[in-house]
Amino acid sequence: LRESKLSNSKRFKFLFAGRFLSDKGLYEIIDSITIINSYEIRCEFWLVGFHDKSNISSINPDVMNQWKAIPGLKIFEPTDAIENFLAQVDCFVLPSYREGTSRSLLEAASMGKPIVTTNVPGHSPVDYGAMSPGTEDLFAQKQTFLRKKFAALSKEQRNWITTLYQATIQTK
């Protein structure tokens, strides 16, 4: 994945990519959007992913349809080209309650995207904005930090990730 810059959009853009599960912190994202909207902060939250009907914590599609009415929230279908979304956003979020080492966090970090995530096992290699799972005011708490520190953290995070992790494609 290529390094990317912060978007030039007037709206700050956050991205979540993954399965639409409550365990991934989607309810906290929705609560945060409501809080941020109440402050009249101009930003967008993009959710990219899919429903995992076999998982007990899967969010009901009817609930997801209700969420589409929330100002600033955009829900996208799954993609194999997440780098296209990452290139357009300012920050990646994964407020998961439990996780292994997340490929989506590694992809975001490799593109130099600042990350807001939870302080759970598996996130520590890319932990630059971690907080406890279930924090309702997740993004509102971090808005000053995010605005002031993104460029420096993005570069440091990208260098660290590209040094420690490397995915290679093998062809015959």
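It should be noted that the structure appears before, not after, this text.
Below or above, wherever it landed, is the structure these notes cover. (Residues numbered from 1 in each chain as written. Predicted model: local features only at pLDDT ≥ 70, side-chain atom pairs only at ≥ 80, totals over all residues. Heavy atoms only, no water.)

**A few points about helix α1 (residues 26-38)**
Structural remark: α-helix, 3.6 residues per turn; residues separated by three or four positions point the same way. As a reminder, the rule being used: A helix here means a DSSP run of H or I that spans at least four residues, while a strand means a run of E at least two residues long, and both kinds are numbered starting from the N terminus. The length a helix should cover is 1.5 Å for every residue beyond the first. Partly exposed residues are those whose accessible area sits between 20% and 50% of the maximum for their type, while under 20% is buried and over 50% is exposed, using a 1.4 Å probe and protein chains only.
Given a rise of 1.5 Å per residue, 13 residues ought to cover 18 Å, and the 19 Å separating the end C-alpha atoms of α1 matches this to within 8%. Listed in full, the buried residues belonging to α1 are Leu-26, Glu-28, Ile-29, Ile-30, Ser-32, Ile-33 and Ile-36. Phi turns positive, to about 60 degrees, at Glu-40, one or two residues after α1.

**Considerations on the side chain of Ser-32**
Which entries qualify depends on this criterion: Contacts described as polar in this section are N or O atom pairs within 3.5 Å, which, within protein, must combine one atom able to donate a hydrogen with one able to accept it, while residues neighboring in sequence count only if both atoms come from side chains.
The residue Ser-32 is located in helix α1 in this model. Of the polar contacts made by the side chain of Ser-32, one reaches the backbone oxygen of Glu-28; its length is 2.9 Å.

**A word on helix α4 (residues 103-110)**
In terms of residue burial, α4 counts as a mostly covered element, since seven of its eight residues are buried. Inspection of α4 places Ser-104, Leu-105, Leu-106, Glu-107, Ala-108, Ala-109 and Ser-110 among the buried residues, and these make up the whole buried set. Positive phi appears at Gly-112, one or two residues downstream of α4, with a value of about 75 degrees.

**What to know about the environment of Tyr-27**
Defined as follows: By the convention used here, residues are in contact when the closest approach between their heavy atoms is within 4.5 Å.
Mapped onto the elements, Tyr-27 comes out in helix α1. With relative accessibility at 37%, the residue Tyr-27 sits in the partly exposed group. In this structure the C-alpha to C-alpha distance between Tyr-27 and Ile-59, which are 32 residues apart in sequence, comes to 9.1 Å. Ignoring any residue separated from it by four or fewer positions in sequence, one finds Tyr-27 in contact with Ser-22, Ile-59, Val-63 and Trp-67.

**Comments concerning the sheet that holds strand β3 (residues 73-76)**
The test is simple: Strands are labelled as partners when DSSP assigns at least two bridges between them. Axis lines are fitted to C-alpha atoms, over the contacting stretch for helices. Their N-to-C directions set the angle, which ranges from 0 to 180 degrees.
The strand order β3-β2-β1-β4-β5 describes an open sheet built from five strands, whose pairing is parallel. Across the chains shown, the open sheet's two edge strands, defined by having one partner strand only, are β3 and β5 (115-117). Mean inter-strand twist for the sheet, computed between neighbouring axes without regard to direction, equals 20 degrees. Taken strand by strand, α1 contacts β1 (12-19), β2 (43-50), β3 and β4 (91-94), and its axis lies near 160 degrees from that of β2. The sheet strands contacting α4 are β1, β4 and β5, and the helix crosses β4 at an angle near 165 degrees.

**As for the pattern of salt bridges**
Our working definition: In what follows, salt bridge is the name for a side-chain nitrogen of Lys or Arg lying within 4 Å of a carboxyl oxygen of Asp or Glu.
By the definition in use, this model includes three salt bridges. With a closest N to O distance of 3.7 Å, Lys-74 and Glu-44 form a salt bridge. Of the two residues, Lys-74 is situated in strand β3 and Glu-44 in strand β2; the sequence distance between them amounts to 30 residues. Residue classification places Lys-74 among the partly exposed positions, given a relative accessible area of 37%. Judged by its relative accessible area of 11%, Glu-44 is buried. Glu-107 is the salt-bridge partner of Arg-103, the closest N and O atoms lying 3.0 Å from each other. Taken together, the residues Arg-103 and Glu-107, both in helix α4 and four residues apart, mark about one turn of the helix. On the basis of relative accessible area, Arg-103 is assigned to the exposed category, the value being 62%.

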